Amino acid sequence: MSKHQFQSEVNQLLHLIIHSLYSHKEIFLRELISNASDALDKLKYLTLTDEQFKSIPFQFKIDVEIPQEESKLIISDTGIGMNQEDLVQNLGTIASSGTKKFVETMSGDMKKDSNLIGQFGVGFYSCFMIADNVEVISRKAGEDKAYKWTSDGKGQYEIEEAERDQNGTTIILHLNDEGKEYTSKWQVESIIKKYSNHIAFPIHLHHFENKGDKDKPKWEKSSEQVNSASALWKRAKSELKDEDYKEFYQNLTGDNDDPLLTIHTQAEGAQEYTTLFFIPKKAPYDLYRADYQNGVKLYIKRVFITEDNKELLPTYLRFVKGIIDSEDLPLNVSREILQQNRILMNIKSTSVKKILGELGKMAAQDKEKYLEFYKEFRRPLKEGLFEDFSNRETLQELVMFKSTTQDSYTSLSDYKTRMKPDQKAIYYITGDNETNLKASPLLEMYRNKNIEVLIMDDEIDEIIIPSIGKYKDIDLKAVNRSDAAKDFETEKDKAAEKEIKGLIKKIKDILKDEVKDVRSSARLSDSPACVVADETDPTINMQHILRAMGQDNAPQAKPILEINPNHEIIKKLNMVSDTAIIEDMSYLLLEQSLLIEGATIKNPAQFSQRMNRFLQLAI
Ligand code: ADP
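The structure presented is a predicted model; accordingly, all values stated were derived computationally and were not measured.

> Please set out the overall build of the protein residue by residue, giving values where relevant.
Summing up its helical and strand segments, the protein has 22 helices and 23 strands in all. Relative to the 2.2 N^0.38 estimate, which gives 25 Å for 619 residues, the radius of gyration of the protein is 33 Å and therefore markedly larger than a compact globule would have. Dimensions of the protein, computed from the C-alpha atoms along their principal axes, are close to 110 × 55 × 50 Å. Counting across all 619 residues of the protein, residues that qualify as buried make up 52%. About 30100 Å² of surface is accessible on the protein, with carbon and sulfur atoms providing 47% of the total.

> Quick rundown of the sheet that holds strand β21 (residues 517–520)? Include the residues and the values.
Pairing is mixed across the open sheet formed by three strands, whose spatial order is β21-β23-β22. Of all strands in the sheet, those bounded by a partner on one side alone are β21 and β22 (529–532). Strand-to-strand twist in this sheet, taken as the mean axis angle between neighbours without regard to direction, amounts to 25°. Taken together, the four bridges between β21 and strand β23 (residues 560–563) define a ladder with parallel strand orientation. Considered in β23, the bridge of Asp517 is made with Ile560. Across the sheet, helix α18 (residues 501–510) touches β21 and β23, and the angle it forms with β21 is around 160°.

> Can you explain empty space enclosed by the protein? Please cite residues and give values.
Applying the stated criterion across every chain yields a total of five cavities of 30 Å³ or more. Roughly 50 Å³ of internal volume is contained in the largest cavity. In terms of lining residues, the largest cavity is bounded by Glu489, Asp493, Lys494, Glu497, Ser520, Ser521, Ala522 and Pro565. Residue contributions to the lining of the largest cavity peak at three residues, all from helix α17 (residues 491–499). Broken down by class, the residue content of the lining of the largest cavity amounts to two nonpolar, two polar and four charged.

> Provide a residue-level description of the packing of aromatic side chains, including the pertinent values.
Taken as a whole and assessed by the stated rule, the structure comprises 21 aromatic pairs. Seen in terms of ring centroids, Phe28 and Tyr182 are 5.0 Å apart; in terms of plane orientation they differ by 65°. Their pairing is edge-to-face. Within this pair, whereas Phe28 is found in helix α2 (residues 27–49), its partner Tyr182 is found in the loop between β7 (168–175) and α7 (185–196), the two being separated by 154 residues in sequence. Take Phe28 and Tyr182: they sit in the same class, and that class is buried. Between the aromatic rings of Tyr446 and Phe488, the centroid separation amounts to 5.5 Å while the plane-to-plane angle is 85°, which identifies the pairing as edge-to-face. On the criterion of sequence distance, the pair formed by Tyr446 in helix α15 (residues 444–448) and Phe488 in the loop between β20 (474–478) and α17 is long-range, its members being 42 residues apart.

> Residue-level account of unusual backbone geometry, with values.
Phi is positive for Ala229, which is not a glycine, with a value near 50°. Inspection of the secondary structure assignment puts Ala229 in the loop between β9 (219–225) and α8 (242–253). Notably, Asp473 is not glycine yet its phi reads approximately 70°, a positive angle. Here Asp473 is to be found in the loop between β19 (470–471) and β20. With relative accessibility at 70%, the residue Asp473 sits in the exposed group.

> Run through the environment of Glu158, naming residues and quoting values.
Examined against the element boundaries, Glu158 turns out to sit in strand β6 (residues 156–162). You can call Glu158 partly exposed: its relative accessible area is 24%. When near neighbours in sequence (up to four residues on either side) are disregarded, Glu158 contacts Met1, Ser2, Lys3, Lys148, Trp149 and Thr150.

> Got a sec to walk through the pairing of strand β11 (residues 273–279)? Specific residues and values, please.
Burial analysis of β11 places seven of its seven residues in the buried class, the great majority of the element. By the alternation rule, side chains of β11 split into Tyr273, Thr275, Phe277 and Ile279 and Thr274, Leu276 and Phe278, which are all buried. Note: β11 against strand β14 (residues 321–326), six bridges, orientation antiparallel. Across the sheet, the residue bridging to Phe278 is Lys321, located in β14.

> Tell me about the domain arrangement of the protein, and please be specific about residues and values.
You can read the domains of the protein as domain 1 (2–222), domain 2 (232–365) and domain 3 (487–618). Computed from C-alpha coordinates alone, the two centres of domain 2 and domain 3 are separated by 53 Å.

> Which residues make up the sheet that holds strand β16 (residues 410–411), and what values do they have?
Strand-to-strand pairing in sheets goes through backbone hydrogen bonds, with the strands running parallel or antiparallel. Sheet architecture is open: six strands sit in the order β16-β15-β18-β17-β20-β19, paired in mixed fashion. Both outer strands of the open sheet, β16 and β19, are each paired with one neighbouring strand and no more. Judged from the four bridges that link them, strand β17 (residues 425–430) and strand β18 (residues 453–456) form a sheet pairing that is parallel. Bridge pairing in β18 places Tyr427 opposite Val453.

> Describe in detail the nonpolar core, supporting the description with residues and values.
Among the nonpolar cores identified, the biggest contains 74 residues, and Leu356, Leu359, Tyr370, Phe373, Leu381, Tyr427 and Tyr446 are the most heavily contacted of them. Formed jointly, this core draws a minimum of three residues from each of two domains, domain 2 (232–365) and domain 3 (487–618). Excluding residues that lie within four positions of it along the chain, Leu359 makes contacts with Leu261, Ile279, Tyr370, Phe373, Leu381 and Leu398. Within the second largest apolar cluster, 47 residues are counted, among which are Ala36, Ile66, Met82 and Val136.

What counts and how
- Residues numbered from 1 in each chain as written.
- Predicted model: local features only at pLDDT ≥ 70, side-chain atom pairs only at ≥ 80, totals over all residues.
- Heavy atoms only, no water.
- Helix = DSSP H or I, 4+ residues; strand = E, 2+ residues; numbered from the N terminus.
- Rg over C-alpha atoms; globule rule 2.2 N^0.38 Å.
- Buried < 20%, exposed > 50% of the residue type's maximum accessible area, 1.4 Å probe, protein only.
- Areas by Shrake-Rupley, 256 points an atom, 1.4 Å probe, with all protein chains shown as cover.
- Pairing = 2+ DSSP bridges.
- Axes fitted to C-alpha atoms, helices over the stretch in contact; angles between N-to-C directions.
- Contact = heavy atoms within 4.5 Å.
- 1 Å grid on protein atoms, 1.4 Å probe; cavity = no way out; pocket = protein on both sides within 12 Å on 5 of 7 lines; lining within 4 Å.
- Points joined across faces, edges and corners; volume = space filled by probe spheres on them.
- Nonpolar A, V, L, I, M, F, W, Y, C, P; charged D, E, K, R; others polar.
- Phe/Tyr/Trp six-rings, centres within 6.5 Å; stacked < 30°, edge-to-face > 60°.
- Domains from an automatic or database assignment.
- Core = buried A, V, L, I, M, F, W, Y, C linked by side-chain atoms within 4.5 Å.

What follows is the structure, given as structure tokens:
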């Protein structure tokens, strides 16, 4: 017998499970049955693909037993099993780095969210919520020796040699007070039906029934299959009700909510396959992490192949959950080859078109529901604009943006219908804060002319806009760039520009190290000045993003300062000859414009000195 310590993260996890998740304690059974089903899947795969296992007759089943009179629950399977090494590795450590991080960062409300438990593969340990002692007796397929793993979930476990007739795993739960209720046949049966009905293998429940009467009990063992053990996605669509999909979805994802959208496709003809996709109502917390959990499982002829193949759908659709089941792929296709497999690539591209098509339908038929979707998943969806060239046009119809004239998100096509007859472009402003953007002086002219400007305040917008470029031959123009205002320049503006030519030259000399150029502005009405980026330079927001991404040596593009020739301050400044005042003013105009656009100023102390000199004059 050997004694082992749990990895410290396991202890943390156990603590978390026992103290935070006990209100959902029944899920332990879902977790153990799902592990048993995975173990059977793994073995089934080997018997179909590996010569060594082909000849061995296995009976694939899961048994749940409630023994008579004892406070125990036993779950066993005839799956792949574990040897000594596997037991240490699988039931003594947390393998996935994602789960480790998750345990470290879990706090506050998240602790109460039992949905997360299944998502992170911490399933097995959940049995310590209802058991004070757990025995795992396992024998690995193709090996002779069996081992027993025992633990009370308090820091240590033991492993010793044991006996088991055939390969597979038996888990004996010595129920604690919290777990006593799981000796009820009715209770256990309803939990299995609730969570594990579509598990592809039969689950038999064994229990004792009193065939006598109260005074003279006569206990007899009885057994029955409690799940439907069929692959739901293979059943005719006409047979399936919303409830069936919902239950399947919850079982698949561990989400307690209903899915927002269900897309079930049974393709026949040149290629035969089934896909069943779901879009959840809420985005999972790891959606933006590099090690996000992939949501689609691949089956070949109902045999589970893999769930960690991130190529099954493009990355930008990583929020889609579900299954792909192909009739045409060879079972022993290697995972590496899957990547380039033509059949699978075809399923993938038709699936993407189908999903985007259904989203388009939703947007057209039920805007409210689409907005519910869009608010959760707009960022990954927008990634598609530069990731998926072949569906760019469809994606252009699916993305929406906030706007200066609309209360809610608007699509580009809706914007187009509201364009003024002589409007040359679709205008937008980018930045990280909607309130600030809406107050930007850059929007003054557009507001005066009643021209709508799209507000793009997601970080990713700055990056995807170049991939949109044009929408149906209409240019998209950033109002914080030099060119956008040219569309509106009039003779009057040119005349006004002439008036301040001398002043512009003076300011340019003073600010020559700070700005790329100083120009007369056609886009301002209430503000004296603004800064814009030159056409091909990164905007201030883009420079922020690049720096946040760790690109410290990202080019520091100088802005263009535009001054408003019709503004009182500029008009008066035009008449001033005191060079000290012109210098102070030049800096103040530039620095306040930078502050409004969310940039930092180089020398705040000097800024405040200059401002105080003017404040003193005003008092
Ligand atoms: P997960 O199943 O999400 O990986 P668990 O903590 O539930 O996380 O299980 C850890 C590992 O232990 C599994 O990945 C699997 O390798 C192994 N395991 C658990 N139960 C069984 C079982 N019944 N048969 C074979 N292996 C098992």
